[in-house]
Amino acid sequence: EAQVTQNPRYLITVTGKKLTVTCSQNMNHEYMSWYRQDPGLGLRQIYYSMNVEVTDKGDVPEGYKVSRKEKRNFPLILESPSPNQTSLYFCASSPDAGTEAFFGQGTRLTVV
Amino acid sequence: EDQVTQSPEALRLQEGESSSLNCSYTVSGLRGLFWYRQDPGKGPEFLFTLYSAGEEKEKERLKATLTKKESFLHITAPKPEDSATYLCAVQGYQGGKLIFGQGTELSVKP
């Protein structure tokens, strides 16, 4: 089954404790991206990658890191999480830029 | 700067009452305009991609149209199961950023 898989689905952590949210797609897509969704602010892009080893900042990259060492995986790293990073996070992949995106199930992160 | 504005923020309809959602955008060279549906707590689900002014696409009770400045999502004779948040997004040719609007929350009452 074609899908984008994020893990974990839910995470509660403490300020400053490094964490990684994984994202994997099995559709051989070139384009992958991360978003956060907050009430009243909508869906905002954090980082995107148009190909392996190519990543670029979205609208809200501060406090996040990503890497794209292989086509299928695009992990999101929070090196020192803070409470303002509490949010619902989505990973997505597309065959290419300008094509439809397939979203993961979401990761609800709480930083206390 | 690329920007997307959706209106209204919320829309309540009676079953069978047709209406339209608006997505106004500014982008330097449109690569694509996208419509998604999102149910509470779930990831957005793709509906349509539009690439050039004048283009139209249909799927069941939904029809999306595109001009150089805005897109409309027309909902004909909606049913309660059409209740969801509808998101519009644009991507320009400069870079690969995808910009989303804040969405329109649609509620259809039986």
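Going by the structure above, here's the rest.
To keep things clear, this report deals only with the structure shown in the data block. Predicted model only: the values in this text are computed from it and were never measured.

Things to note about the overall build of chain A
Piece 1. Along the backbone of chain A there are zero helices and eleven strands.
Piece 2. The order of α-helices and β-strands along chain A, N terminus first, is β-β-β-β-β-β-β-β-β-β-β.
Piece 3. Relative to the globule expectation of 13 Å for 112 residues, the C-alpha radius of gyration of chain A, 13 Å, shows essentially globular dimensions.
Piece 4. The principal-axis extents of the C-alpha atoms in chain A amount to approximately 35 × 25 × 25 Å.
Piece 5. Looking at chain A as a whole, 48% of its 112 residues are labelled buried.
Piece 6. In chain A, of all internal contacts separated by at least 6 residues, the share reaching a separation of at least 24 is 53%.
Piece 7. Approximately 5,200 Å² of chain A is accessible, and the part contributed by carbon and sulfur atoms is 50%.
Piece 8. The centroid of the 12 positive side-chain charges in chain A is displaced by 8 Å from the centroid of its 11 negative side-chain charges.

Brief notes about the interface of chain A and chain B
Piece 1. Contacts between the two partners involve 22 residues from chain A and, on the opposite side, 20 residues from chain B.
Piece 2. The largest share of the area that chain A buries against chain B comes from Leu43, Gly98 and Phe103 of chain A, three residues that together contribute 27% of it.
Piece 3. With a closest N to O distance of 2.9 Å, Lys97 of chain B and Asp59 of chain A form a salt bridge.
Piece 4. There are ten residue pairs in polar contact (both at pLDDT 80 or more) connecting chain A and chain B.
Piece 5. When residues in the side of chain A that touches chain B are grouped by element, the largest group, five residues, is from strand S5 (residues 42–51) of chain A.
Piece 6. Looking at the side of chain A that touches chain B residue by residue, the classes come out as ten nonpolar, nine polar and three charged.

Structural notes on the sheet that holds strand S1 (residues 4–7) of chain A
All names here are of chain A.
Piece 1. Taken together, four strands build an open sheet; the order of strands is S1-S3-S8-S7 and the sheet is antiparallel. Strand pairing shows two members of the sheet lacking a second neighbour, S1 and strand S7 (65–66), which therefore form its edges.
Piece 2. Two strands pair when backbone bridges link them, and strand S3 (residues 19–25) and strand S8 (residues 76–78) are joined in this way by three bridges, in the antiparallel orientation. Opposite Thr20, over in S8, you have Ile77 as the bridge partner.

Considering the sheet that holds strand S7 (residues 62–66) of chain B
Residue and element names in this part refer to chain B.
Piece 1. Strand order in this open sheet of five strands is S1-S3-S8-S7-S6, and the pairing throughout is antiparallel. Unpaired on one side and paired on the other, strand S1 (3–7) and strand S6 (56–59) mark the two borders of the sheet. Neighbouring strand axes in the sheet, compared pairwise and without regard to direction, differ in orientation by 15° on average.
Piece 2. Here six bridges tie strand S3 (residues 19–26) to strand S8 (residues 70–75), and the two strands are oriented antiparallel to one another. Note that in S8 the partner of Ser20 across the bridge is His74.

Points about the state of the cysteines
Piece 1. Going through the model one piece at a time under the given rule, you end up with two disulfides over all chains.
Piece 2. Here Cys23 of chain A connects covalently by a disulfide to Cys91 of chain A, the sulfurs 1.8 Å from one another. The chirality of the disulfide connecting Cys23 of chain A with Cys91 of chain A is left-handed, given an S-S dihedral of about -70°. Residue Cys23 of chain A is found in strand S3, and its partner Cys91 of chain A is found in strand S9 (residues 87–94); the two are separated by 68 residues along the sequence. We note that Cys23 of chain A, like Cys91 of chain A, is buried.
Piece 3. Cys23 of chain B shares a disulfide with Cys88 of chain B; S-S distance 2.0 Å. For the disulfide bridge between Cys23 of chain B and Cys88 of chain B, the dihedral angle about the S-S bond is near -65°, and by the sign convention the bridge is left-handed. Note that Cys23 of chain B is positioned in strand S3 and Cys88 of chain B in strand S9 (residues 84–92), a separation of 65 residues in sequence. Cys88 of chain B shares its class with Cys23 of chain B; the two are buried.

Definitions and cut-offs
- Residues numbered from 1 in each chain as written.
- Chains lettered and ligands numbered in written order.
- Predicted model: local features only at pLDDT ≥ 70, side-chain atom pairs only at ≥ 80, totals over all residues.
- Heavy atoms only, no water.
- Helix = DSSP H or I, 4+ residues; strand = E, 2+ residues; numbered from the N terminus.
- Rg over C-alpha atoms; globule rule 2.2 N^0.38 Å.
- Buried < 20%, exposed > 50% of the residue type's maximum accessible area, 1.4 Å probe, protein only.
- Contact = heavy atoms within 4.5 Å.
- Areas by Shrake-Rupley, 256 points an atom, 1.4 Å probe, with all protein chains shown as cover.
- Lys, Arg positive; Asp, Glu negative; His and termini not counted.
- Charge placed at Lys NZ, Arg CZ, Asp CG, Glu CD.
- Buried area = accessible area lost by both parts, 1.4 Å probe.
- Salt bridge = Lys/Arg side-chain N within 4 Å of Asp/Glu carboxyl O.
- Polar contact = N/O pair within 3.5 Å; in protein donor to acceptor, adjacent residues only side chain to side chain.
- Nonpolar A, V, L, I, M, F, W, Y, C, P; charged D, E, K, R; others polar.
- Pairing = 2+ DSSP bridges.
- Axes fitted to C-alpha atoms, helices over the stretch in contact; angles between N-to-C directions.
- Disulfide = S-S within 2.5 Å.

From the geometry alone we can't say anything about function, so treat these as descriptive.
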